[in-house]
Amino acid sequence: MSHIDETLDFIPVRIAVLTVSDTRSFDEDRSGATLVKMIEEAGHVVAERKIVTDDRPLIRDQLKDWIADENVDVVISTGGTGLTGRDVTVEAHRDVYEKEIDAFGTVFTIVSMQKIGTSAVQSRATGGVAGGTYLFALPGSTGACKDAWNEILKLQLDYRHKPCNFVQILPRLDEHKRRK
């Protein structure tokens, strides 16, 4: 079963937080603020925090900027994962993914089902990898951000989590670029 190996040292990762919203400012961004608080409480570093509108090219460009930034290991976005016409965060993420982490959306749905029942079917949470950076798109609700962090990301972004975790393979995500 999964567990934290207390004999290992914790390794903080640098996480950028992106809120996707047409209406929110930093003062009104409860989900982004919640993510920042949980990231810092877990011992990680918030590399940067931004808000962009529900615009696919703007979201994609911000993701690309952070993928290219060697001071960002992980990007977590919140908002724009639903089914309405303005919800384009998932598409913007998939524009930059080199590999999608298919099970992330599945596990998020399982976690959500325990909290909100069949309403979980409306979420399109996704995860992927690009340029040696992990990218996760979460729904805009504070509850969904808490669920994703507490039930999935907090564990997978902890180097001590066994039997495996995202941090231990972080240095190998772009190894194909180093091969001759």
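Residues numbered from 1 in each chain as written. Predicted model: local features only at pLDDT ≥ 70, side-chain atom pairs only at ≥ 80, totals over all residues. Heavy atoms only, no water.

Q: How should the UniProt feature "domain: MoaB/Mog" (unreviewed entry) in the chain be read in this particular structure?
A: UniProt feature "domain: MoaB/Mog" (unreviewed entry): in the numbering of this structure it lies at residues 16-160. Structurally, residues 16-160 is divided into 43% helix and 21% strand, and its ends, taken at the C-alpha atoms, are 21 Å apart. (UniProt positions renumbered as here; feature names shortened; annotations may be inferred. Helix = DSSP H or I, 4+ residues; strand = E, 2+ residues; numbered from the N terminus.)

Q: Would you mind going over the pattern of salt bridges with me for this structure?
A: Here the idea is simple: oppositely charged side chains can pair when their charged atoms come close. Taken as a whole, this structure holds 12 salt bridges when the rule is applied. Where E6 meets R160, a salt bridge forms, and the shortest distance between an N and an O atom there is 3.5 Å. Within this pair, whereas E6 is found in the loop between β1 (3-4) and β2 (14-20), its partner R160 is found in the loop between α5 (142-156) and β8 (161-162), the two being separated by 154 residues in sequence. Looking at R160, the relative accessible area reads 17%, which means it is buried. Among the ionic pairs, D158 bridges to R160, the shortest N-O distance being 2.8 Å. Given the relative accessible area of 7%, D158 is considered buried. Residues joined by salt bridges that share partners form a network here, namely E6, D158 and R160. (Salt bridge = Lys/Arg side-chain N within 4 Å of Asp/Glu carboxyl O. Buried < 20%, exposed > 50% of the residue type's maximum accessible area, 1.4 Å probe, protein only.)

Q: Would you explain the packing of aromatic side chains in this entry?
A: When we look at a pair of aromatic rings, we describe it by the centre distance and by the angle of the planes. Enumeration over the complete set of coordinates arrives at 4 aromatic pairs. Summarising the aromatic geometry, the rings of Y134 and F166 are spaced 4.7 Å apart at their centres and angled 40 degrees between planes, so their arrangement reads as tilted. Placement of the pair is Y134 in strand β7 (residues 133-138) and F166 in helix α6 (residues 166-169), with a sequence separation of 32 residues. Taking the relative accessible area as the measure of exposure, Y134 reaches 2% and is therefore buried. Classification of F166 as buried rests on a relative accessible area of 12%. Both rings, one in F136 and one in F166, keep their centres 5.6 Å apart while their planes meet at 35 degrees; by these two values the pair is tilted. With F136 in strand β7 and F166 in helix α6, the pair connects residues that are 30 residues apart, well separated along the chain. On the basis of relative accessibility, which here comes to 0%, the residue F136 falls in the buried class. Pairwise contacts between aromatic rings join F104, Y134, F136 and F166 into one cluster. (Phe/Tyr/Trp six-rings, centres within 6.5 Å; stacked < 30°, edge-to-face > 60°.)

Q: Quick question: what am I supposed to make of the sheet that holds strand β5 (residues 99-100) here?
A: The pairing of strands in a sheet happens through backbone hydrogen bonds and is either parallel or antiparallel. Spatially, 6 strands are ordered β3-β2-β4-β7-β6-β5 in an open sheet, and the strand pairing comes out mixed. Lying at the two open borders of the sheet, with one neighbouring strand each, are β3 (45-52) and β5. Note that β5 and strand β6 (residues 126-130) share 2 bridges and pair antiparallel. In the strand pairing of β6, K99 is matched with V129. Contacting β2, β3, β4 (74-78), β6 and β7, helix α2 (residues 56-68) runs over the sheet at an angle of about 175 degrees to β2. (Pairing = 2+ DSSP bridges. Contact = heavy atoms within 4.5 Å. Axes fitted to C-alpha atoms, helices over the stretch in contact; angles between N-to-C directions.)

Q: Just to check I follow, could you spell out the side chain of N165 for this structure?
A: Along the chain, N165 falls in the loop between β8 and α6. From its side chain, N165 meets the backbone oxygen of D158 in a polar contact 3.5 Å long. Of the polar contacts made by the side chain of N165, one reaches the backbone oxygen of Y159; its length is 2.9 Å. For N165, the residues in contact, after removing those within four places along its chain, are L155, Q156, D158, Y159 and R160. (Polar contact = N/O pair within 3.5 Å; in protein donor to acceptor, adjacent residues only side chain to side chain.)

Q: Can you help me understand unusual backbone geometry in this one?
A: Cis peptide bonds are those with omega within 30 degrees of zero, and the linkage from K162 to P163 qualifies with 15 degrees. Mapped onto the elements of the fold, P163 is located in the loop between β8 and α6.

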